[in-house]
Amino acid sequence: MIMINLNNISIAFGHVALLDNIAVRIDNRERVCLIGRNGEGKSTLLKIMSNDLSPDQGQIERQPGYRIARLSQEPELDINDSVFHAVAKGLGTLGQQVESYHDLVQRLAEKSDDRLLAQLEAVQDRLEAEDGWRLEQRVEMVLSKLSLPTEQKLSELSGGWQRRVALAQVLVTEPDLLLLDEPTNHLDIEAINWVEEMLLEFKGSLVFISHDRRFMQRIATRILELDRGHLTSYPGNYATYLRQKEAALAAETTQAAKFDKYLAQEEVWIRQGIKARRTRNEGRVRALKKLRDERAQRREQTGKIRLNVDRGELSGRIVIEAESISKSYQNLPLIQNFSTIIMRGDKVGLIGPNGVGKTTLLKLLLNELPPDSGQIKHGTQLSIRYFDQLRTQLDPEETVVDAVAQGRETLTINGQQKHVMSYLSDFLFAPARARSPIKSLSGGERNRLLLACLFSKPANVLVLDEPTNDLDVESLELLEELLAQYPGTLLLVSHDRRFLDNVVTETLVFEGNGQINEYVGGYEDWLRQRPAPSKPATPKKSAPVPKPSQTQPKTRKISYHEQRELAALPEQIEKLENELNALQSQISDPQFYQSEPEHINQTLAHLKNLEEALQTAYARWEELENS
């Protein structure tokens, strides 16, 4: 069944058409990935599908009663809302009644008040009249499914958890068509895996934009490519698309070459025609004019970034040696007793949740931050270049060319002199864009500028903190190829699993409580090598009772009171785990450590109490289960 059908859709901003008479339909239960270069118009197409933007021309057919929900690249959330209120807002006007009911119930639980009770009765009447109870249950169900802390303020959540809230806000509408713009932005690997599982279980149709190749491969059942205003459909997964796209580009190149050759022949004829015959074939002249017009309208494929890095002088054999280093913040261990030796040519990837301390470890290894204990030694002749995740190296008021040239007109790249404008063109900055202030750049352009700054000077040690953010797939793959062939030493933080697999030769993995373990290979290699989780089975499933050996004493029969205690423990443990996860997410947010010291100490003390309570509950559960 066709869920939405777009015919001859066009829209232009300025003189270039983003969408040029495109046509596409989305069928029931399809999972479609929309790909294309940055700035091609992918987000614009999603806005047209969701009816948030009207095209210049074309027709859109939707199923009657069909619900569409769109998650934008940067969702607009009120950070003063609680999680429940933020999710309920997805229900519109009736959602406000659900919010009011929930708020009044919470206030009455704290203090009895006749005025509040009267308001609650009025809200209940409105909810009953409009079948609002079903919506209230829907909000609760989505919150439970996504393991979201109902009463916590959004301001207390990390970026990844806020992304979950935004996703819950669109899911609560129970959409028939879900539109997601870069759903994995700001998420760590664990959260990306969670989003994948959620989308695989989604029962409606899905259209999503992503530059994460592993994510696309696992989720998409069809690829839509937006290229130079035209939309092309490729049935199958991402790997199938790559094969079909390669063949299509080869055919396009061949056809263009034949066309240009024929046009050149006709241009020669028209120049010789007057001199040779004095009369012309007017039909052939008209055909030549048509060929010229067709050639003028052809939109060439956008160029690719040209990356090159100068390794400079050879570093010493040992690049960095860390011996028993530890680092804590407010008694919270980030890194505990960690030792490693990084040799020349090593390519090391850092893996761990957001806020766990990956950037802190980089700064420790670079001697930008002192360890609480232990020592760090650097080798000889190190030339280090650092790609900053937060882009703090860029001055928003400075122009692009000034950021790279630093007052120079030419740069020395691999021993060759190159004009700075020519160098910037390698990173797809046209002259006019190169003279623009940095504050006017998009996220992808800022990343390209950082790469241009990074590779403008020799370096035998590259330190890259999230270099793939906002890069399109082609640019990402070019960076990947460059780093794979780079003869120097590389330290890399990334949540792109395919990128890690293709670049790094070993990984340092944060595995909780400040422990960092070293594994050979990339992300997939770590999955195969990591030890099985030692945590007891989740209380949602009944734990197997160990068979008593002959030497064990006979188990006693538990009392009725203990039976009731055992039955209640799984729910108690689940509640503690949810509260603990929410608190850990709050603590992992860098903004947390900018709050008042008293608040930080109270929160960390509460975290410790929760961990102790959870351990006690698990111990009691095992004791009663084995009785």
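**Student:** Quick one: what's the story with unusual backbone geometry, residue by residue and with numbers?
**Tutor:** Glycine aside, residues mostly have negative phi, and peptide bonds are mostly found in the trans state. Positive phi values are uncommon outside glycine, yet Glu174 reaches one of about 50 degrees. Secondary-structure assignment places Glu174 in the loop between α6 (159-171) and β6 (177-181). Unusually for a residue other than glycine, Asn337 sits at a positive phi of about 50 degrees. Counting through the fold element by element, Asn337 comes out in strand β11 (residues 332-343). By relative accessible area, which is 57% here, Asn337 ends up exposed.

**Student:** Tell me what's going on with the pattern of salt bridges, and back it up with residues and numbers.
**Tutor:** Inspection of the entire model under this criterion finds 18 salt bridges. As a salt-bridge pair, Glu480 and Arg213 come within 2.6 Å of each other at their nearest N and O atoms. Residue Glu480 is located in helix α16 (residues 473-485), and its partner Arg213 is located in helix α8 (residues 213-219); the two are separated by 267 residues in the primary sequence. Each member of the pair, Glu480 as well as Arg213, is classed as buried.

**Student:** Which residues make up the packing of aromatic side chains, and what values do they have?
**Tutor:** Under the counting rule described, the total for this entry stands at 5 aromatic pairs. Measuring from ring centre to ring centre gives 5.8 Å for Tyr523 and Trp526, while their planes differ by 55 degrees; the resulting arrangement is tilted. Linking Tyr523 with Trp526, this pair stays in helix α18 (residues 523-529), spanning 3 residues, or about one helical turn. For Trp526, a relative accessible area of 11% puts it in the buried group. These aromatic residues form a ring-pair network of at least three members: Tyr234, Tyr238 and Tyr241. A cation sits over an aromatic face here: Arg164 above Trp194, 4.2 Å from the ring centre. Its guanidinium or amino end placed over the ring of Phe429, Arg448 lies 5.2 Å from that ring's centre, counting from NZ or CZ.

Scoring rules and cut-offs
- Residues numbered from 1 in each chain as written.
- Predicted model: local features only at pLDDT ≥ 70, side-chain atom pairs only at ≥ 80, totals over all residues.
- Heavy atoms only, no water.
- Helix = DSSP H or I, 4+ residues; strand = E, 2+ residues; numbered from the N terminus.
- Buried < 20%, exposed > 50% of the residue type's maximum accessible area, 1.4 Å probe, protein only.
- Salt bridge = Lys/Arg side-chain N within 4 Å of Asp/Glu carboxyl O.
- Phe/Tyr/Trp six-rings, centres within 6.5 Å; stacked < 30°, edge-to-face > 60°.
- Lys NZ or Arg CZ within 6 Å of the ring centre and 35° of its normal.

Note that all results are geometric; they support no functional claim without further evidence.
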